[in-house]
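Chain by chain, the residues:
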Amino acid sequence: MQTKIDGIIPVMITPFTPDNKIDWKGYEALIEWYIDNGSEALFAVCQSSEMQHLSLDERRDLARFTVDRVAGRIPVVASGHVSDTRGGQREELAVVASTGIDGLVLVTNRLASLEEGTETFRARVEDLLTALPSDLPLGLYECPAPFRRLLSDEEVAYCAGSGRFTFLKDVACDLDIVKRRLELTRGTPLGINNANAAIAWPAMQAGASGFCGVMSNFHPDLYRWLQDHGAEHPELAEELATFLVLAAMCEPMGYPKLAKRYHLRLGTFACDHSRTISFDIEERYWALDAIIDRIHQGSETFRSRIAGL
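Each chain has its residues counted from 1, following the order in which its sequence is written. Where totals are concerned, whole chains, interfaces and linings use all residues; where local detail is concerned, this predicted model gives features only for residues with pLDDT of at least 70, and gives and counts side-chain atom pairs only at 80 or more. Hydrogens and waters are ignored; side-chain quantities use all the structure's heavy atoms.

Here we come to the overall build of the chain. By the criteria applied, helices consist of DSSP H or I runs no shorter than four residues and strands consist of E runs no shorter than two, each listed in order from the N terminus. Regarding its fold elements, the chain presents 12 helices and eight strands. Principal-axis analysis of the C-alpha atoms places the extent of the chain at approximately 50 × 45 × 40 Å. Think of it in three bands: with a 1.4 Å probe and only protein chains considered, a residue is buried below 20% of the maximum accessible area for its type, exposed above 50%, and partly exposed in between. Taking all 309 residues of the chain together, 57% fall into the buried category. We call two residues in contact whenever any of their non-hydrogen atoms come within 4.5 Å of each other. Look at the contacts in the chain between residues 6 or more apart in sequence, and 73% of them connect residues 24 or more apart. By the counting scheme adopted, Arg and Lys are positive, Glu and Asp are negative, and His together with the chain ends is not counted. Every charge is mapped to an atom, namely NZ of Lys, CZ of Arg, CG of Asp or CD of Glu. Placing the 31 positive and 44 negative side-chain charges of the chain at their respective mean positions leaves the two points 2 Å apart.

As structure tokens, this is what we get:
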């Protein structure tokens, strides 16, 4: 089957112009920033991309643009799976699947509600599988919006055993659940990719396949070093893991606009406009720029220490 999709996988943000259009020049610069900073795949058209606020044409264009600019250097996966109806889901997934991506990601809360069980989940997955290319690797995403629906053990085992799924963006935020899922998927194509910074390092140590959390928009290279070399330098790894956890506590402060503000500081693009976050994050979260400065300063300090090894 297939392209392996694991490791450090940023959930991509979408830069907009002040007049609310996609900033394609800024997006291209962002793609290069991700790759230059150690990303092993890219997750385009996801919640961080503000996919619930993008038209289907915009979702398609984002996926296709990402594939074209990455040009095979690393895998690209995408979702754009937001519709409530079966027909709508079939349409949007087919459109995104046609863009040349290396993997198509299904959102678990679109496959069954909180009240619906495994039987409904399996029926809807099987229905979608009949409409999708049989050779296209698939992923799963426990997207927290509009509600978080975690997969049951039975559902994880079913998807792993099907052979069609290669990637789970795990949003359980619970190390014991991650470990249990690793056992359920052992020997199958399905990799468990944790999305929670608080457990990123112990999840990697337990065998999780990388990190796919929002803080990969700030310092993916530090997560990459932790994954690739943390075991060789356990004391520095623990210090770095602590910094990454504390830095991630800023996530509720207006993300994804928060990440865009960080990239303004880096010069990646020139506008922090967000369709999801309409309020002034500096006004609501006092001293936010000082927090961003400290995250940048801390990241640079760890980069220097790593370079000096």
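In this structure, the largest pocket occupies an estimated 460 Å³ of space. Classification convention: Asp, Glu, Lys, Arg as charged; Ala, Val, Leu, Ile, Met, Phe, Trp, Tyr, Cys, Pro as nonpolar; all other residues, Gly among them, as polar. Its residues assigned to classes, the lining of the largest pocket comprises 15 nonpolar, seven polar and three charged. Think of a 1 Å grid over the protein atoms and nothing else: a 1.4 Å probe that fits but is trapped marks a cavity, an open set flanked by protein within 12 Å on at least five of seven lines marks a pocket, and residues with an atom within 4 Å of a point count as lining. Grid points are joined across faces, edges and corners, and a volume is the space filled by probe spheres set on the points. Of the voids in this model, the second largest pocket is the one considered here, and its volume is about 230 Å³.

Another aspect to go through is the packing of aromatic side chains. To describe a pair of aromatic rings, one takes the distance between the centres and the angle between the planes. Only Phe, Tyr and Trp rings are paired, with Trp represented by its six-membered ring, and only when their centres lie within 6.5 Å; those with planes under 30 degrees apart are stacked, over 60 edge-to-face, the remainder tilted. For the structure shown, the criterion picks out 10 aromatic pairs. Arranged with centres 4.0 Å apart and planes meeting at 10°, the rings of Phe211 and Tyr223 form a pair that is stacked. Remark: Tyr223 occurs in helix 8 (residues 220-229) and Phe211 occurs in strand 8 (residues 210-211); sequence separation between them is 12 residues. Taken individually, Phe211 and Tyr223 each receive the classification buried, so the pair is uniform in this respect. Among the aromatic side chains, those forming a connected cluster through ring pairs are Trp24, Tyr27 and Phe65. Above the plane of the ring of Phe65 lies Arg69, whose end atom (NZ or CZ) is 4.0 Å from the centre. The ring of Phe279 is capped by Arg284, whose NZ or CZ atom sits 3.6 Å from the centre of that ring. Lysine NZ or arginine CZ positioned within 6 Å of the ring centre and within 35 degrees of the ring normal marks a charge as sitting over the ring.

Interpretation note: all reported values are geometric properties and have no functional meaning in isolation.
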